[in-house]
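Remarks on the overall topology
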Amino acid sequence: ESVVARVVPDQHASTLGILDGRAAFIPSVAVSFDIPADPGFVDRVIAEVADGTVRLGTATTDGLELRYIAAPIAIDDGRGVFVIAVDLRAELSQFTSAFSTYALVAAAVLVIIGLVGWLVAGRLLAPLRRLRFAAEEITGSARATRIPVTGHDDLSQLTETINGMLDRLDLALTGQRRLLDDVRHELKTPITIVRGHLELLDPTDPDDIRATRLIAIDELDRMSGLIDEIEVLAESRMVPLRRESVHSGELTSEVFAKARGMRGRDLRLATSATSVVSVDRKKIAQAWLQLVDNAIKYAPADTPILIGSVDHERSVEFWVQDAGSGVPAGLEDRVQERSVRAHAGDIAGSGLGLSIVRSIVAAHGGRVGMASSPTGTRIGFILPMESADKPVRQQVMA
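Residues numbered from 1 in each chain as written. Predicted model: local features only at pLDDT ≥ 70, side-chain atom pairs only at ≥ 80, totals over all residues. Heavy atoms only, no water.

**Some details on unusual backbone geometry**
Selection rule: We count a stretch as a helix when DSSP gives it H or I for four or more residues in a row; a strand needs E for two or more, and each element gets its number in order from the N terminus.
Located in the positive-phi region is His12, a residue other than glycine, with phi close to 65 degrees. Here His12 shows up in the loop between helix 1 (2-6) and strand 1 (13-19).

In structure tokens form, the structure reads like this:
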């Protein structure tokens, strides 16, 4: 009785005094529960401490799950047992509640992360889906579809790169189609001429046979020249540049020496630049000689043709000037396109010359310029000077 009266149970705990095999004493203070005076529980405790040792055990009684300690007490006129027990469910309720809350929060967080991940992944992959849809829509006859660009992240940059690739493919296909149309147009005339003369040929007339033969050979030569020019144009767009540092004055002298052997015309060297350019010597010489050939075609036979180069602030101009009738107003830019000629009825040719020049010059990062009047035409191309602190790198032609 004294022990039960003095020991104050903690929260979720209670005590019980057993005397002579029965539950005799309970705490005098308020406790969260009373240890049940269950005969089965009392008998179990008495049996456990019968050997005089303190015992620790767990029992379920009257709906309570108890963790208890039983201590035997020797009394003069009897035998007692002091029991202190803890309600496990009540003691662990805080932990159980915290774990349940954690489980619910963790599940909610997982759901939120899943939704956010799904939305973010969908947004990140949207350009790829648009790319797939755009690729499905693009055909040989419908190439205008492009992917909308939104934002400034890596996928946006990838989208811009792919749009640029589609633009280049569109340009290449357009150029290919135009080239095929030009070839068809240019080859149709000589084939028609040869066929017409062969159909009208009198096999019994030797003079007619000889005349038809000369006409056929001349037209075949023209077709062969056209094929060569188309090959040069295609090569200028596909073959990589073999750049080297070239002195502009040396290049001018070299091209002038080659040009003097063309059709015996009066060619004169006007000026020579002194700067250094990074170019493919062979292709630049080819473009310059093409300008000379054009001048020879269109300039009167008794007029001189001037060749020269001149330094500018950060570039070098390589030019040719003739004293011909000039390019008609409004055709200065168009004559640089394929199969466009300033005087189509007067001069034989495919019209690919200036297109070849423009392609080679554009691959070097330059541009073609023209100034024309009724008294003559000056045409040339401007290339950037070689930078003193920038290494020369090989560049693939566009």
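**A word on empty space enclosed by the protein**
Convention followed: Computed over the protein atoms alone on a 1 Å grid, cavities are sets of points where a 1.4 Å probe fits but cannot get out and pockets are open sets with protein on both sides within 12 Å along at least five of seven lines; a residue lines them when it has an atom within 4 Å of a point. Grid points are joined across faces, edges and corners, and a volume is the space filled by probe spheres set on the points. Under this grouping Gly is polar, as are all residues other than the nonpolar Ala, Val, Leu, Ile, Met, Phe, Trp, Tyr, Cys and Pro and the charged Asp, Glu, Lys and Arg.
Under the criterion given, the structure shown has 2 cavities of 30 Å³ or more. Taken as a whole, the second largest cavity holds about 40 Å³ of empty space. Pro127, Leu128, Leu131, Ile147, Leu155, Leu158, Thr159 and Ile162 are the residues that line the second largest cavity. Broken down by secondary-structure element, the contributors of at least two residues to the lining of the second largest cavity are helix 4 (93-137) and helix 5 (154-200). Taken together, the residues of the lining of the second largest cavity break down into 7 nonpolar, 1 polar and no charged.

**Some thoughts on the environment of Ala134**
Let me state the cut-off plainly: Partly exposed residues are those whose accessible area sits between 20% and 50% of the maximum for their type, while under 20% is buried and over 50% is exposed, using a 1.4 Å probe and protein chains only. Here, two residues are considered to be in contact whenever any of their heavy atoms come within 4.5 Å of each other.
Secondary-structure assignment places Ala134 in helix 4. Look at Ala134 and you get buried, because its relative accessible area is 4%. In the structure, Ala134 is positioned 12 residues away from Arg146 in sequence and 6.6 Å away in space, judged by C-alpha atoms. Residues within four places of Ala134 in sequence aside, it is in contact with Thr145 and Ile147.

**Details of the pairing of strand 9 (residues 305-311)**
Selection rule: Only strands that DSSP links by at least two bridges are regarded as paired with each other.
As judged from the 3 bridges shared by strand 7 (residues 267-269) and strand 9, these two strands associate in the parallel manner. Across the sheet, the residue bridging to Leu267 is Ile305, located in strand 9. In this structure, strand 9 lies alongside strand 10 (residues 315-322), joined through 6 bridges in antiparallel fashion. Residue Ser309 lies in a different strand from strand 10, and its bridge partner there is Phe318. The hairpin formed by strand 9 and strand 10 contains 3 residues between the paired strands.

**Side note on the packing of aromatic side chains**
Which entries qualify depends on this criterion: Only rings of Phe, Tyr and Trp enter the pairing, Trp through its six-membered ring, and a pair is recorded when the two centres are within 6.5 Å. The plane angle decides the type: under 30 degrees is stacked, over 60 is edge-to-face, the rest tilted.
With the rule as written, the count across this model stands at 5 aromatic pairs. Ring centres of Phe41 and Tyr68 lie 5.5 Å apart, and the angle between their planes is 85 degrees; on these two criteria the pair is classed as edge-to-face. A residue pair is termed long-range when its members are at least 10 positions apart, and Phe41 in helix 2 (residues 39-48) and Tyr68 in strand 4 (residues 64-75) qualify at 27 residues. Pairing Trp288 with Phe381 gives two aromatic rings, centres 6.4 Å apart and planes at 80 degrees, and the pair type is edge-to-face.

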